[in-house]
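# Fold and contact review
One letter stands for each residue in the lines below.
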Amino acid sequence: MAGGITFANASIIMQGDAHLLTRKRIRDMATANTREDCLTILQECGYQTNFTDDDELLDAAHQQTLTIFKDLCEDSALLACVQAMSQLNENNTQSIFAILSTQIPLVKTASIREYLTTWVDLINVRNFYKGSDIVFPGGSLQANQLDIFPHSSAEQREDLIQERLEALGEVDKDDIFKPNPLFWWYLQREKELIIIKAILISKRFNYDVTWLRENLRGLYEQFQ
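Thresholds applied
- Residues numbered from 1 in each chain as written.
- Predicted model: local features only at pLDDT ≥ 70, side-chain atom pairs only at ≥ 80, totals over all residues.
- Heavy atoms only, no water.
- Axes fitted to C-alpha atoms, helices over the stretch in contact; angles between N-to-C directions.
- Helix = DSSP H or I, 4+ residues; strand = E, 2+ residues; numbered from the N terminus.
- Parallel < 35°, antiparallel > 145°, perpendicular 65-115°, else oblique.
- Contact = heavy atoms within 4.5 Å.
- Nonpolar A, V, L, I, M, F, W, Y, C, P; charged D, E, K, R; others polar.
- Core = buried A, V, L, I, M, F, W, Y, C linked by side-chain atoms within 4.5 Å.
- Buried < 20%, exposed > 50% of the residue type's maximum accessible area, 1.4 Å probe, protein only.

### Considerations on the packing of helix α4 (residues 54-72) against helix α5 (residues 76-86)
- It is at 11 Å that the axes of α4 and α5 come closest, and there the two elements cross at 170°. As summarised for this structure, α4 and α5 are arranged roughly antiparallel, according to the angle between their axes. Across the interface between the two elements, His 62, Leu 66, Phe 69 and Lys 70 from α4 touch Leu 78, Leu 79, Val 82, Gln 83 and Ser 86 from α5.
- Of the residues belonging to the contact of α4 with α5, the class tally is five nonpolar, three polar and one charged.

In C-alpha cells:
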C-alpha cells in the first residue's frame, strides 16, 4: 500500500463520522417501520443495499470492510491475523489459531498485539467456563490460568470480556501516526455487522424492541 500510516488514517477518519453507525442511527434503524427504512440509513453509511437477501448484504459489507483494511494496512502480520479471524468457524478452528499463534508475535504495534493476544485468551476463557479443556494457541494464559472471573455469572463474564476488548481496541485510536485508528475502524465495522444482522432479523420476523435490546446487549453502548 502506498501512502503510509498517516494516509491510511486520514482516509479512515475522513469517512468515519459520515459512514460509521452511531447510537442515533442504530436507534433509528431499531425503531424503523420497515426493512426499506433500515436500508435507507445503511445507504447513508456507504453500504450496498441492492440485495433481497440479508446474508448477501452482510457478506458484501464484510468483504468491503476487509478490502478497505487490506488496501490500507501496512503490517502484513496484522493483515494475516485479521483475515484469519474473519474466516474463523467451527470447522477450521485448529488451522486458524495455528496461523494466529505464528502471526500475532510478528504484529508491529504492541497495543494491537496485546488486543489480539487477549482476544485469543478470552476465547479460551469462554470455552473454559463452558467445560472445554481445549486451549487454542496464540494467547498468553495457560490452562490453569483461565478461571479469571471466578465469582461472576455467565452474563457478567460476557460483559467483562466485552469491556476488556473494547478498552484494548480503543488504545491510541486517535493517534494518526500509528496503525491503531485503522484497526479500531475495522473492529467498529465488525460490530456494526452484528447489530445490523440483529436489526434486519427483527424486521423480517416482526420481533419487538425487547428482543432487540437483549440481542444487542453490551454492543449498543459501545457506539457514540
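### Considerations on the nonpolar core
- With 39 residues, the main nonpolar core has Phe 69, Leu 78, Leu 100, Tyr 115, Leu 116, Trp 119 and Phe 183 as its most contacted residues.
- Secondary-structure elements contributing two or more residues to this core are α1 (4-19), α4, α5, α6 (93-103), α7 (110-129), α8 (154-169) and α9 (180-205).
- It is α7 that provides the largest number of residues to this core, a total of eight residues.
- Apart from residues no more than four positions distant in its own chain, Leu 100 is found in contact with Cys 81, Ala 84, Met 85, Pro 105, Trp 119 and Val 120.
- Residues Ile 26, Ala 32, Leu 57 and Ala 61 belong to the second largest nonpolar core, which totals 22 residues.

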